[in-house]
Each structure stands twice: as structure tokens, then as C-alpha cells.
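# Structure assessment
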Amino acid sequence: MTSNERAEMAAEYKSSGMCNCCQAVMKAYSDSVNVSEDNLMQMGAGFGGGMGCMEATCGALCGAQLILGLMKFQAKPIRQDAADLYRKFTEKCGASICKEIKGVKTGKILCSCDDCVYNAVEILEEVL
């Protein structure tokens, strides 16, 4: 599967209304990690909407970081990869905090949820 196809799949999961942003990213990797789709959905349940309050990190970015850990961790730190993922996401989406991305205070949306999900997967593919 190409990175574009995986990113489109994740965005479709999000737009279906059946997944939050974190779950959509994680579900797109259910074929690539040694965790069941049900467990991925459970793990990502609390990360949607900036951890439910828009005050915290975007769920799509959280999902990408969780998948990064599942796919790259081998008893040594992955700090640089995690930092690269964070930096690239922030550059592409304009911020990492949900309410900033959604423009709650400014009225200017920096990136839609579907695009955050798409971007998170696309960037994760680069880092992987």
C-alpha cells in the first residue's frame, strides 16, 4: 500500500464518523502492527479532540506517535524519529494543539481534522 493510499484510508475512517482522529490514524495501520484493530481502537479512544477537551495534542499526531512506537521501538529510544514526526506535523498543520489547529480563539482554522489525519499518516510514512 502506498503512503497516499494509507493516508486516504485514514481520512476516510475519520470522515465516516466511526473513528476519532487518533483512531483513524491507528486503524490505517492495523495491517502493519501486531495489535488487533479492536485494541487499536481502544488505545486511541481517549485521544480524540485533543484528549477530549481540545486543550492537548491533536489526536492524529498522538495516533501517529503511537504507531511509530509500535513499528520502530526495539529496546532503544526513538526520540529523534518522534521529534521529526512532531516537527513535520506542526509545520504542515500549523500547530500541534487541537484548539490552535481548529482556530478556537482566532477563528482561523489552520487545518481540518480530515487533513490532520491525512497529514499525520503521510508524515509518519516519511519517518518510518
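Just above sits the structure.
In what follows, the accompanying structure is described.

About the cut-offs
- Each chain has its residues counted from 1, following the order in which its sequence is written.
- Given that this is a predicted model, residues contribute local features only at a pLDDT of at least 70 and side-chain atom pairs are listed and counted only at 80 or more, while totals for whole chains, interfaces and linings are drawn from all residues.
- With hydrogens and water set aside, each side-chain value is computed from the structure's full complement of heavy atoms.
- Secondary structure counts use DSSP, requiring at least four H or I residues in a row for a helix and at least two E residues in a row for a strand, with both numbered from the N terminus.
- For a compact globule the rule gives 2.2 Å times the number of residues to the power 0.38, and the radius of gyration it is set against comes from C-alpha atoms.
- Note on contacts: a residue pair is in contact if any heavy atoms of the two residues lie within 4.5 Å.
- Per-residue and other accessible areas follow the Shrake-Rupley method at a 1.4 Å probe size, with only the shown protein chains counted as cover for residues.
- For the purpose of counting charges, residues Lys and Arg are taken to be positive, whereas Asp and Glu are taken to be negative. His and the chain ends are not included.
- Where a charge lies is defined by one atom per residue type, namely NZ (Lys), CZ (Arg), CG (Asp) and CD (Glu).
- Note on terminology: pairs of cysteine sulfur atoms within 2.5 Å are recorded as disulfides.
- Residue exposure (1.4 Å probe, protein chains only): buried if accessible area is under 20% of the type maximum, exposed if over 50%, otherwise partly exposed.
- Salt-bridge detection follows one rule: a side-chain nitrogen of Lys or Arg within 4 Å of a carboxyl oxygen of Asp or Glu.
- A fitted line through C-alpha atoms serves as each axis, taken over the contacting stretch for helices, and the angle formed by two N-to-C directions is quoted from 0 to 180°.
- Here the word oblique covers every angle except those under 35 degrees (roughly parallel), over 145 (roughly antiparallel) and from 65 to 115 (roughly perpendicular).
- By convention, the crossing between two helices is left-handed when the near helix turns anticlockwise from the far helix through less than a right angle, and right-handed when the turn is clockwise.
- When residue character is reported, Ala, Val, Leu, Ile, Met, Phe, Trp, Tyr, Cys and Pro are called nonpolar, Asp, Glu, Lys and Arg charged, and the others, Gly included, polar.

## Some points on the overall build of the protein chain
Helix and strand content of the protein chain: eight helices and zero strands. Taken from the N to the C terminus, the helices and strands of the protein chain come in the order α-α-α-α-α-α-α-α. Against the globule reference of 14 Å for 128 residues, the protein chain gives a C-alpha radius of gyration of 13 Å, in line with a compact fold. Referenced to the eigenvectors of the C-alpha coordinate spread, the extents of the protein chain come out at roughly 40 × 30 × 25 Å. Here the contacts in the protein chain between residues at least 6 apart in sequence split such that 59% fall between residues at least 24 apart. Split by element, the accessible area of the protein chain, about 6600 Å² in all, is 51% carbon and sulfur. With 13 positive and 16 negative side-chain charges, the protein chain shows a separation of 7 Å between the mean positions of the two kinds.

## Brief notes about the state of the cysteines
Applying the stated criterion across every chain, the model contains zero disulfides. Cys-58 forms no disulfide, and the closest cysteine sulfur to it belongs to Cys-116, at a distance of 4.4 Å. Judged by its relative accessible area of 5%, Cys-58 is buried.

## Topic: the pattern of salt bridges
For the coordinates displayed, the defined rule picks out nine salt bridges. A salt bridge links Asp-81 to Lys-72; the shortest N-O distance between them is 3.0 Å. Judged by relative accessible area, Lys-72 falls into the partly exposed class, the value being 27%. The partner of Lys-92 in a salt bridge is Glu-122, and the shortest N-O contact between them spans 2.6 Å.

## Examining the packing of helix α5 (residues 59-72) against helix α6 (residues 79-93)
Viewed as axis vectors pointing N to C, α5 and α6 meet at an angle of 155 degrees, and their least axial separation amounts to 10 Å. The angle between α5 and α6 places the two elements in the roughly antiparallel class. Crossing of α5 against α6: the hand is right-handed. Contacts between α5 and α6 involve Leu-61, Ala-64, Gln-65, Leu-68 and Lys-72 from the former and Asp-81, Ala-82, Leu-85, Tyr-86 and Phe-89 from the latter. Taken together, the residues of the contact of α5 with α6 sort by class into seven nonpolar, one polar and two charged.

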